[in-house]
Amino acid sequence: MNIGQDSMSKIIDGKKIAQELREDLKKEISKLKINYKKEPGLAVVQVGNVAASSVYVKAKTKSAIEVGIKVIDHHLDEKITQKELLNLVDSLNKQDNVSGILVQLPLPVHINEQVVLDSIDPNKDADGFHPLNVGKLSISATNDENLLIPCTPYGCLLMLNSLGVELKGKHAVVIGRSNIVGKPMAQLLLKESCTVTIAHSKTTDLPKICSEADILVAAVGRPEIVKGNWIKKNAIVIDVGINRVQREIDGEQKNKLVGDVDYSEAEKNASFITPVPGGVGPMTIACLLRNTTIAFKNKFI
Ligand code: NAD
């Protein structure tokens, strides 16, 4: 079934696929509440007031509440010490009503992000960034339903799976090797039996490598770096990038969100393509809710 795919076009509708996932979670959580007299709880920890973080935290909180997850909000002063933050995580690790813990990144520079991420109970790791979960993702041969997998790449995989296209044997090129997107994306595609190439900032001849991709996932953070003529005919293009740029619209300079792919040109060659916004972004949030629900079920069922 081609869930969320507009039959008249090649656009992969992340908003729609994410909405379907949230509706499924809402039904599941409501049954869990009846059967176990408990609900999943997500602790959302934000340090400081980075504007983009506030937007993400607000969107995640709203979506969590809508599906029936209880949100335990901790908005901390940017001057909080690392020790104080670690103490908070430690106390959240011990609370039974907290199924998942999300520490919104980036943290202020005086706090070591990896130390904080490592301190989260791996069983409550809503983002799937803990080394134990990263290791499990790397060594498990197939996608175990109980695994806590980084939300953005898992959302990309769900979109690919929604197309009804066989992934096995396809050449997948992932641009970007970050711990939160590029590397786990490559792991997931490998599990789908794709032949995976990871490109990055030191890759030579990126256009040539991209032009050999049946599936291209761009997670770079450079506005429209991937040009339309780099896209192989009928390739599937997943654009993870979110870049704020100034563009002239109706004679005025306005802020606009664009991806890492030059969409208007790429869509001429691609068989399927995700838009920005409305592609990967909504999937990331839906997968966070999914992880929180999985963490709850792993503990209580
Ligand atoms: P990052 O900065 O950690 O990693 C970027 C990667 O791109 C690096 O591995 C680097 O090697 C590679 N790179 C940089 N310049 C390059 C070049 N010229 N050619 C080839 N590779 C190059 O970023 P990230 O956290 O992985 O995020 C990537 C993008 O995805 C950003 O735009 C970010 O905002 C976006 N993002 C979106 C979501 C979402 O929900 N839609 C979630 C996470 C990240």
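Residues numbered from 1 in each chain as written. Predicted model: local features only at pLDDT ≥ 70, side-chain atom pairs only at ≥ 80, totals over all residues. Heavy atoms only, no water.

**Q** I tried to follow the sheet that holds strand β7 (residues 236-239) on my own but got confused; where do I start?
**A** Within a sheet, adjacent strands bond to each other through the backbone by hydrogen bonds, running parallel or antiparallel. With respect to topology, five strands assemble into an open sheet ordered β5-β4-β6-β7-β10, the strand pairing being parallel. Strands with a single pairing partner mark the edges of an open sheet, and in this sheet they are β5 (195-199) and β10 (272-273). Of the pairings in the sheet, the one linking strand β4 (residues 171-175) to β5 comprises five bridges and is parallel in character. What sits directly across from Val173, in β5, is Thr197. Together, β4, β5 and β6 (215-218) form the strand contacts of helix α7 (residues 182-191), whose direction differs from that of β4 by roughly 170°. (Pairing = 2+ DSSP bridges. Helix = DSSP H or I, 4+ residues; strand = E, 2+ residues; numbered from the N terminus. Contact = heavy atoms within 4.5 Å. Axes fitted to C-alpha atoms, helices over the stretch in contact; angles between N-to-C directions.)

**Q** So what exactly am I meant to see when it comes to the site of the ligand here?
**A** Around the ligand, a shell composed of 22 residues is seen, among which Arg177, Ser178, His200, Ser201 and Thr284 lie nearest. Between Arg177 and the ligand, the recorded distance is 2.8 Å, taken from a backbone N or O atom to an oxygen atom. The backbone of Ser201 places a nitrogen or oxygen atom 3.0 Å from an oxygen atom of the ligand. Coverage of the ligand by the protein chains reaches 72% of its 860 Å² of free accessible surface. For the shell around the ligand, the element with the most residues is helix α10 (residues 280-300), which contributes three residues. Of the residues that constitute the shell around the ligand, the class distribution is 10 nonpolar, 10 polar and two charged. (Near = heavy atom within 4 Å. Polar contact = N/O pair within 3.5 Å; in protein donor to acceptor, adjacent residues only side chain to side chain. Areas by Shrake-Rupley, 256 points an atom, 1.4 Å probe, with all protein chains shown as cover. Nonpolar A, V, L, I, M, F, W, Y, C, P; charged D, E, K, R; others polar.)

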